[in-house]
Amino acid sequence: MVTGLQDTSTYYPLTEDEVAMLLGERGVSLGAFSDEGELIGYAAAYFPGSSPDNLGLDLGLCSGRLLQVAHLEAGLVSPFYRGRGWQRRLYQELIKGLIAQGKYRYILSTVACNNYPALHNSLRLKLYITELREKYGNMLRYVLFRDIKEPININPASVISCRHTDIELQHRLIRQGYYGFDVKYNTDSLVIYYGVKD
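Residues numbered from 1 in each chain as written. Predicted model: local features only at pLDDT ≥ 70, side-chain atom pairs only at ≥ 80, totals over all residues. Heavy atoms only, no water.

Turning our attention to the overall build of the protein. What the protein contains, in helices and strands, is 5 helices and 9 strands. What you see in the protein, going N to C, is helices and strands ordered as α-β-β-α-β-α-β-α-β-β-β-α-β-β. A burial count over the protein gives 46% of its 198 residues as buried. In the protein, once contacts between residues fewer than 6 apart in sequence are set aside, the share between residues at least 24 apart is 61%. Of the roughly 10600 Å² that the protein leaves accessible, carbon and sulfur atoms contribute 49%. (Helix = DSSP H or I, 4+ residues; strand = E, 2+ residues; numbered from the N terminus. Buried < 20%, exposed > 50% of the residue type's maximum accessible area, 1.4 Å probe, protein only. Contact = heavy atoms within 4.5 Å. Areas by Shrake-Rupley, 256 points an atom, 1.4 Å probe, with all protein chains shown as cover.)

What follows is the structure in structure tokens.
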């Protein structure tokens, strides 16, 4: 599935232990197959609980709320099927299942700053950029967040755009309470749109 990625640094591979967790009680996985039985793509969610890798810690969630966190994890699509919305559709189904369970209020994920397809899909799934920091061995990542019970509405008058490479400005905006809510693809960079809550 990693074959054909333009930049393999955008994907942080899971360890065997992490895959085992996703396939066990601390996770759920979903796959899509063609009529011929070929794997089109897969996506997974992970329930970190009180473990130190809970992304809610990056956002300052208190211990009780950490138990309501679900991570959107590995989501890959076979090269032949890319660009057809499969990643978003798989994650949509995962999120529907999480909402139906009623146990998870906060959906979090990380995305490489230059990974336009994953970032675009995550933002369309109503996750918002709420942090930008080094993760996974000093690789810069957006931390995205969605609160199922209290959706974020952006005030259109507050919108500011910047390049994804302008790390200093993005850090400043996030500290001031801005949320990243949209992304556009430019020839030499991505343009990220930030705004404050309505």
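Right, picking up where we left off after that structure.
Let us look at the packing of aromatic side chains. Two numbers describe a pair of aromatic rings. These are the distance of the centres and the angle of the planes. Throughout the structure, instances matching the rule amount to 5 aromatic pairs. Taking the centre distance of 5.1 Å and the plane angle of 90 degrees together, the rings of phenylalanine 80 and tyrosine 81 count as edge-to-face. A relative accessible area of 56% means that phenylalanine 80 is categorised as exposed. A relative accessible area of 10% means that tyrosine 81 is categorised as buried. (Phe/Tyr/Trp six-rings, centres within 6.5 Å; stacked < 30°, edge-to-face > 60°.)

Most of strand E6 (residues 139-147) sits out of view: 7 of its 9 residues are buried. As judged from the 7 bridges shared by strand E4 (residues 106-112) and E6, these two strands associate in the antiparallel manner. Within E6, the residue paired with valine 111 across the bridge is tyrosine 142. Relative to E6, strand E5 (residues 128-135) runs antiparallel, the two being bridged by 7 bridges. Opposite glutamate 134, over in E6, you have leucine 140 as the bridge partner. Between E5 and E6, which pair antiparallel one after the other, the connecting turn spans 3 residues, and tyrosine 136 there sits at a positive phi close to 50 degrees. (Pairing = 2+ DSSP bridges.)

Our next topic: the side chain of serine 189. One can find serine 189 in the loop between strand E8 (179-185) and strand E9 (190-195). According to the relative accessible area criterion, serine 189 is buried, its value standing at 5%. Setting aside chain neighbours within four positions, we find serine 189 in contact with Arg163, His164 and Lys184.

This paragraph deals with the nonpolar core. Across soluble globular proteins, nonpolar side chains have a tendency to be buried as a group. Of all hydrophobic cores here, the largest spans 37 residues; its most connected members are Leu98, Leu119, Ile129, Tyr142, Leu144, Ile192 and Tyr194. Ranked by residues supplied to this core, first place goes to helix H3 (residues 86-101) with 6 residues. Setting aside residues up to four positions removed in sequence, isoleucine 129 forms contacts with Leu119, Leu123, Tyr142, Val143, Leu144, Ile174, Tyr178, Tyr179, Gly180, Ile192 and Tyr194. One finds Tyr106, Val143, Ile152 and Tyr179 within the second-largest nonpolar core, a separate group that totals 12 residues. (Core = buried A, V, L, I, M, F, W, Y, C linked by side-chain atoms within 4.5 Å.)

Turning next to the pattern of salt bridges. Scanning all chains against the criterion turns up 9 salt bridges. In this structure, arginine 105 and glutamate 150 form a salt bridge, with 3.3 Å as the shortest nitrogen-oxygen distance. Placement of the pair is arginine 105 in the loop between H3 and E4 and glutamate 150 in the loop between E6 and strand E7 (160-163), with a sequence separation of 45 residues. Given the relative accessible area of 13%, arginine 105 is considered buried. One salt bridge connects glutamate 168 with arginine 172, and the closest N-O pair in it is separated by 4.0 Å. (Salt bridge = Lys/Arg side-chain N within 4 Å of Asp/Glu carboxyl O.)

Moving on to H3. Compared with the 22 Å implied by 1.5 Å per residue over 16 residues, the 23 Å span of H3 between its first and last C-alpha is a close match. Along H3, the residues that are buried comprise Trp86, Gln87, Arg88, Leu90, Tyr91, Leu94, Ile95 and Leu98. In this fold, the buried residues of H3 make contact with strand E1 (27-33), strand E2 (39-46), strand E3 (69-77), E4, helix H4 (116-124) and E6. Of the residues trailing H3, glycine 102 is marked for its positive phi of about 75 degrees. (Expected span 1.5 Å × (residues − 1).)

Taken together, the buried positions of H4 are Ala118, Leu119, Asn121, Ser122 and Leu123. Where H4 begins, one side-chain oxygen reaches toward the backbone nitrogen of alanine 118, 3.3 Å away; that side chain belongs to asparagine 115. (Polar contact = N/O pair within 3.5 Å; in protein donor to acceptor, adjacent residues only side chain to side chain.)

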